[in-house]
Number of protein chains: 2
Amino acid sequence: MYNITLTLDGDSRVPLYEQLYRYFAQEIQSGRIPAGTKLPSKRSLCAHLGVSRSTVENGYAILVAEGYVCASPKRGFFVADLTPYAPPQPTPIPEAKARPQAAEEAKVNFSTSIVDTSAFPYASWAKLNKEVIYNSPELLQRGDRQGEPALRRALAAFLREYRGVHCDADQIVVGAGTEYLIELLLQLFDPEVVFALEDPCYAVTWHCVRNSGRRFRFVPVGEQGISIPDLCASDASVAYITPSHQFPMGVTMPAVQRSRMLHWALSTPERYIIEDDYDCEFRYGAHPIPALQSMDRNGCVVYIGTFSRSLAPSIRVAYMVLPVPLLARYRSLFGHFSSTVSRYEQTVLARFLAEGFYERYLRRMCNLYRQRCTRLTARIRNLDPDIRISGDGGGLHFLLTLPDRSEEELYAQAAEAGIRLHRLSDYAHEFPPRPSTVVLGYGGIRDEELEPAVELLRDAWRL
Amino acid sequence: MYNITLTLDGDSRVPLYEQLYRYFAQEIQSGRIPAGTKLPSKRSLCAHLGVSRSTVENGYAILVAEGYVCASPKRGFFVADLTPYAPPQPTPIPEAKARPQAAEEAKVNFSTSIVDTSAFPYASWAKLNKEVIYNSPELLQRGDRQGEPALRRALAAFLREYRGVHCDADQIVVGAGTEYLIELLLQLFDPEVVFALEDPCYAVTWHCVRNSGRRFRFVPVGEQGISIPDLCASDASVAYITPSHQFPMGVTMPAVQRSRMLHWALSTPERYIIEDDYDCEFRYGAHPIPALQSMDRNGCVVYIGTFSRSLAPSIRVAYMVLPVPLLARYRSLFGHFSSTVSRYEQTVLARFLAEGFYERYLRRMCNLYRQRCTRLTARIRNLDPDIRISGDGGGLHFLLTLPDRSEEELYAQAAEAGIRLHRLSDYAHEFPPRPSTVVLGYGGIRDEELEPAVELLRDAWRL
């Protein structure tokens, strides 16, 4: 008979019958008690372990109920055939792919994804949070799948006033970040639809489309945004663009081009434009440019925005405004889904908007970023008369071109000196990007770091 | 010349040049000023409006920069050709599809999606929130894309102890709800992979797979869970199952069947099992059944769980444990993505787990639901000796079969009496479900409502 090495622990929180069950289940699973083995009779096990009959009975009953053991009337208990699996093949867990040259190692980090949260009205935010959470147990229950109505109303008002977006709160879908909304959006289109992506473009958009298995084409970006002749020549019927401040080129699409984009969409049924207005809150020109959506009278533009750049990266709230036909499709496909954002966070954000905190914060940050951009670009221009800066009319990054130097040289020399920046070609795919160009984000460059950062660049590039 | 109806408002917050720009941009966009029209000269407009020259110059400069207007040297300013779009076709916004027989209308709501939050330790939750939010401004910055390490460590410990899941915190991916994680998971498999779904099954799982455009097959569910012979006969290579408490049948897959499932997965490379342990926290039998994942030694099981049922529907936090090969694929495909859950909520949840609140709450709720289930099923059985209850060994729902009555009759009579319940066929697809059966969730039936609810059922069904 199989040798029982079980000792029960009377002081454990785990009941004795459960200990007994676990022991046998494990021994059987591991193959240490082979299939067909007869287990000790209840009576002899009671005696062996010095426990009550009910302990053994309960333990055996579970083993039988779970199929580890078969009870054969009058004959006893036999181990079931759970033919052992192939021997375990321990595979080491892969290291998480480090983001190239992690922030903590870089002396100066010109990453485009850093947002300055040092001026965030943290005390007000915390207070709103406290007020909402202490007073709203009802928010534990399931909310509206498109997002809290109060947040959508506040958003509709904000988008109308600041971006000229015409929409009803009912057309807004709130979701946990732009990536999530893009994944959802892709599913609203026919599986055979071909998407047009700007080249160069934001990596995450590209990854979303690629991962979804959808068909897509790259269309080159010129001085006026996506090339409309190339778009028209392609078989794409949904174009994903960043007209206010193309990422990463930083160009703004002029009204005539916007008008042509709308013509492109209207010229064939079921064509759509996805307008990603990812950093629209920060414009340093004389006036904010209204969204492309504001020119659309035919419901062919999907407008997407996010709070992750305007507030903080960890605030995972993005939103999209769906034209009516897509809204209907969304409701039929996703009617059973729940919102991906905490109702508490949504409610706090709704108050943050409705009570004017957001507007005040944006004004402050827009000034802060504008000044930073102006100071930084002025100092960089001073380094060398050949340096060309572009795309600095808004957002949190600009392009730096230094003719006669290769992009790789600029990048490598900066990296050598502990400066993290992006190559323009990091964002490019099929079309050769402007040569000798790197991309500098300044969300992470604080005022006091600005001068040393420029000096470091000068030394790295030997200017 | 075009008749200018513009009046500038010197008291507005909007600068005069901006008002001027907006007026012309709108008039041009709408087609009220036709393409080719010559705008008034700067000088005459200054005189006409009684404003400074710089106001007009700034306004015109923006119009030119945006492409609304072309400046022709020495000739003046001409409206660009933004050929007017097709006339607006106002489309009414569709009504949101109401969930059938909304909760507020039903006298008694046996929906399976309601969770009882009346015993939720709201004060402790609010206090943890306050502590975290007042002390952690650093959480505004971007966090780990797989989820906060503290939460993943707490989860790994919980899953090990309560479900026998063997995993490292590095294998866990936290996401905003099960739907989100399923969508992400689907993308980790080859586009040609065929998924097996249980029939009947949870509607949201099915919608996720269908919306993604992936190929899938339904496999019937028997008394021991998914039919393994049918699964083997299909061309599926990834099976999505609920072995602990099949939804909606409520059956538990015995160990021998689990072993066969693992054999199925191991018999061919690249086969996987997705184990959705959606309501594992509530088991009313003698002991909790370990997860299928706990028997897997070869990394072919993906384990999924959620806090939306164990805590509250609005807490949109789910998690999955990825086997190593899928983890590597996840990291290569989603390396650029951000977590979909607020870092604050994750940090609160990590403390809720680590400080024992979660365990205490689960114990309490498990008792509460067990007692409710026992009382409710006992009273229902008393109504008629033919009534058969099944699937009541755990979770928040059970099946009620009343032979000789059609499912439709049971459903319609209940609806007539203001009782909301589900037809079993609501979850079925290709295989005819057990006849005469309805599904009753009791998350929303409070203690004092229990007796009246049973009486209402009795009257509705004339028992």
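Please refer to the structure higher up on the page.
Thresholds applied
- Residues numbered from 1 in each chain as written.
- Chains lettered and ligands numbered in written order.
- Predicted model: local features only at pLDDT ≥ 70, side-chain atom pairs only at ≥ 80, totals over all residues.
- Heavy atoms only, no water.
- Helix = DSSP H or I, 4+ residues; strand = E, 2+ residues; numbered from the N terminus.
- Buried < 20%, exposed > 50% of the residue type's maximum accessible area, 1.4 Å probe, protein only.
- Contact = heavy atoms within 4.5 Å.
- Areas by Shrake-Rupley, 256 points an atom, 1.4 Å probe, with all protein chains shown as cover.
- Least-squares fit on C-alpha atoms with pLDDT ≥ 70 in both.
- Pairing = 2+ DSSP bridges.
- Axes fitted to C-alpha atoms, helices over the stretch in contact; angles between N-to-C directions.
- Buried area = accessible area lost by both parts, 1.4 Å probe.
- Salt bridge = Lys/Arg side-chain N within 4 Å of Asp/Glu carboxyl O.
- Polar contact = N/O pair within 3.5 Å; in protein donor to acceptor, adjacent residues only side chain to side chain.
- Nonpolar A, V, L, I, M, F, W, Y, C, P; charged D, E, K, R; others polar.
- Phe/Tyr/Trp six-rings, centres within 6.5 Å; stacked < 30°, edge-to-face > 60°.
- Lys NZ or Arg CZ within 6 Å of the ring centre and 35° of its normal.
- Expected span 1.5 Å × (residues − 1).
- Arc of directions from axis to C-beta.
- Disulfide = S-S within 2.5 Å.

**Student:** Help me understand the overall build of chain A in this model?
**Tutor:** The helix and strand inventory of chain A stands at 14 helices and 16 strands. In terms of principal-axis extent, the alpha carbons of chain A reach across some 95 × 55 × 50 Å. Each of the 463 residues in chain A was classed as buried or not, and the buried ones make up 61%. Across chain A, the fraction of contacts at a sequence separation of at least 24, relative to all contacts at a separation of at least 6, is 71%. Total accessible area on chain A is roughly 18200 Å²; 52% of this is exposed by carbon and sulfur atoms.

**Student:** Hey, could you run me through the relation of the copies chain A and chain B in this one?
**Tutor:** The pair of chain copies shares a relation made of a rotation about an axis and a shift along it. Superposing chain A onto chain B takes a rotation of 180° combined with a translation of 0.1 Å along the rotation axis, leaving an RMSD of 0.2 Å. As the rotation angle and translation indicate, the two copies are arranged about a two-fold axis. Residues of chain A ranked by C-alpha distance from the rotation axis are headed by A:Lys130, positioned 3.0 Å from it. The overlap is high: 100% of the interface residues of chain A also sit at the interface in chain B, so the same surface is used on both sides.

**Student:** Sorry if this is basic, but what is going on with the sheet that holds strand S12 (residues 388–390) of chain A here?
**Tutor:** Strand-to-strand pairing in sheets goes through backbone hydrogen bonds, with the strands running parallel or antiparallel. All names here are of chain A. The strand order S12-S13-S16-S15 describes an open sheet built from 4 strands, whose pairing is antiparallel. With partners counted over all chains shown, the strands left at the sheet margins are S12 and strand S15 (422–423), one partner each. Relative to strand S13 (residues 397–401), helix H12 (residues 357–383) is tilted by about 5°, and along the sheet it contacts S12, S13 and strand S16 (437–441).

**Student:** How should I be thinking about the pairing of strand S1 (residues 69–72) of chain B in this particular structure?
**Tutor:** Residue and element names in this part refer to chain B. When S1 meets strand S2 (residues 76–79), the two strands line up antiparallel, connected through 4 bridges. Bridged to Ala71 within S2 is Phe77. Hairpin geometry of S1 and S2 is characterised by an intervening segment of 3 residues between the two adjacent antiparallel strands and by a positive phi of about 70° at Lys74.

**Student:** Would you mind going over the interface of chain A and chain B with me for this structure?
**Tutor:** The extent of an interface is frequently quoted as the accessible surface area lost upon association of the parts. The partner chain B presents 104 residues to the 104 residues of chain A that form the contact. Summing both sides of the interface, chain A and chain B together bury roughly 8800 Å²; the carbon and sulfur share of this comes to 54%. Along the contact surface separating chain A from chain B lie 0 salt bridges. Remark: the boundary between chain A and chain B carries 22 residue pairs in polar contact (both at pLDDT 80 or more). When grouped by side-chain class, the residues that make up the side of chain A that touches chain B number 53 nonpolar, 28 polar and 23 charged.

**Student:** It is not clear to me how the environment of B:Asp392 should be interpreted in this structure. Could you clarify?
**Tutor:** All names here are of chain B. With respect to the helices and strands, the residue Asp392 is situated in the loop between strand S12 (388–390) and strand S13 (397–401). When the C-alpha positions of Asp392 and Arg283 are compared, they lie 9.1 Å apart, and in sequence the two are 109 residues distant. Leave out the neighbours within four places in its chain, and Asp392 touches Tyr284, Cys373, Thr377, Arg381, His397 and Phe398.

**Student:** What should I look at first to understand the packing of aromatic side chains in this one?
**Tutor:** Remark: the centre distance and the inter-plane angle together describe each pair of aromatic rings, the angle taken between the planes. All names here are of chain A. Tallied over the entire structure, the rule returns 50 aromatic pairs over all chains. Summarising the aromatic geometry, the rings of Tyr202 and Phe247 are spaced 5.3 Å apart at their centres and angled 75° between planes, so their arrangement reads as edge-to-face. Residue Tyr202 is located in the loop between strand S5 (194–199) and helix H7 (203–211), and its partner Phe247 is located in the loop between strand S8 (238–241) and helix H9 (255–266); the two are separated by 45 residues in the primary sequence. The partly exposed category is assigned to Tyr202, whose relative accessible area is 36%. In this structure Phe247 comes out as buried when scored by relative accessible area, which is 4%. One aromatic cluster in this structure is built from Phe120, Tyr122, Trp125, Phe158, Tyr162, Phe307, Tyr319, Phe352, Phe357, Tyr358 and Tyr361. Over the face of the ring belonging to Trp206 we find Arg210, whose NZ or CZ atom lies 4.9 Å from the ring centre. Across from the ring centre of Phe357, 5.3 Å away, lies the NZ or CZ of Arg360, which sits over that ring.

**Student:** How should helix H4 (residues 122–135) of chain B be read in this particular structure?
**Tutor:** All names here are of chain B. In this model H4 runs 20 Å from its N-terminal to its C-terminal C-alpha over 14 residues, within 8% of the 20 Å that 1.5 Å per residue would give. Of all the positions in H4, only Tyr122, Trp125, Ala126, Leu128, Asn129, Val132 and Ile133 are classed as buried. Along H4, the residues classed as buried sweep out an arc of 160° about the axis, all on the same side. Set apart from the buried face of H4 by more than 90 degrees, the exposed residues are Ala123 and Asn135.

**Student:** Explain the state of the cysteines here, please?
**Tutor:** By definition, a disulfide links two cysteine residues through a covalent bond between their sulfur atoms. All names here are of chain B. All chains considered together, the criterion is met by 0 disulfides over all chains. Note on Cys366: no disulfide assigned, nearest cysteine sulfur contributed by Cys280 at a separation of 10 Å. We classify Cys366 as buried; its relative accessible area is 12%.

**Student:** Looking at this model, I keep getting lost on the pattern of salt bridges. Mind explaining?
**Tutor:** Opposite charge on two side chains permits pairing when their charged atoms draw close. One pass over the full model with this rule turns up 49 salt bridges over all chains. Via salt bridges that share partners, A:Lys127, A:Glu131, A:Arg351 and A:Glu355 belong to a single interconnected network.

**Student:** How do you make sense of helix H11 (residues 343–354) of chain B when you look at a structure like this?
**Tutor:** Given 3.6 residues per helical turn, the α-helix brings residues three or four places apart onto the same face. With 12 residues, H11(B) ought to run about 16 Å at 1.5 Å a step, and its terminal C-alpha atoms sit 16 Å apart, in line with that. The buried fraction of H11(B) is high, at 9 of 12 residues. Taken as a whole, H11(B) has its buried residues at B:Arg343, B:Tyr344, B:Glu345, B:Gln346, B:Val348, B:Leu349, B:Ala350, B:Phe352 and B:Leu353. Residues of H11(B) that are buried in the fold lie against helix H4 (122–135) of chain A together with H4, helix H5 (149–163), strand S4 (172–175) and helix H12 (357–383) of chain B.

**Student:** For this particular structure, what's the right way to read the side chain of A:Thr242?
**Tutor:** Residues and elements named next belong to chain A. Along the polypeptide, Thr242 turns up in the loop between S8 and H9. In this structure the side chain of Thr242 is engaged in a polar contact, spanning 3.1 Å, whose partner is the backbone nitrogen of Phe247. Among residues more than four places away in sequence, those in contact with Thr242 are Glu198, Phe247, Asp276 and Tyr278.

**Student:** What is the right way to look at the sheet that holds S5(A) in this model?
**Tutor:** Residues and elements named next belong to chain A. An order of S4-S11-S10-S9-S8-S5-S6-S7 is seen for the 8 strands of this open sheet, with the pairing classed as mixed. The open sheet has two edge strands, strand S4 (172–175) and strand S7 (225–226), and neither has a second partner. In terms of strand pairing, S5 meets strand S6 (residues 215–222) through 6 bridges, oriented parallel. Bridge assignment links Asp199 to a residue of S6, and that residue is Pro220. Across the sheet, H7 lies against S5, S6 and S8, angled at about 160° from S6, the strand it touches most.

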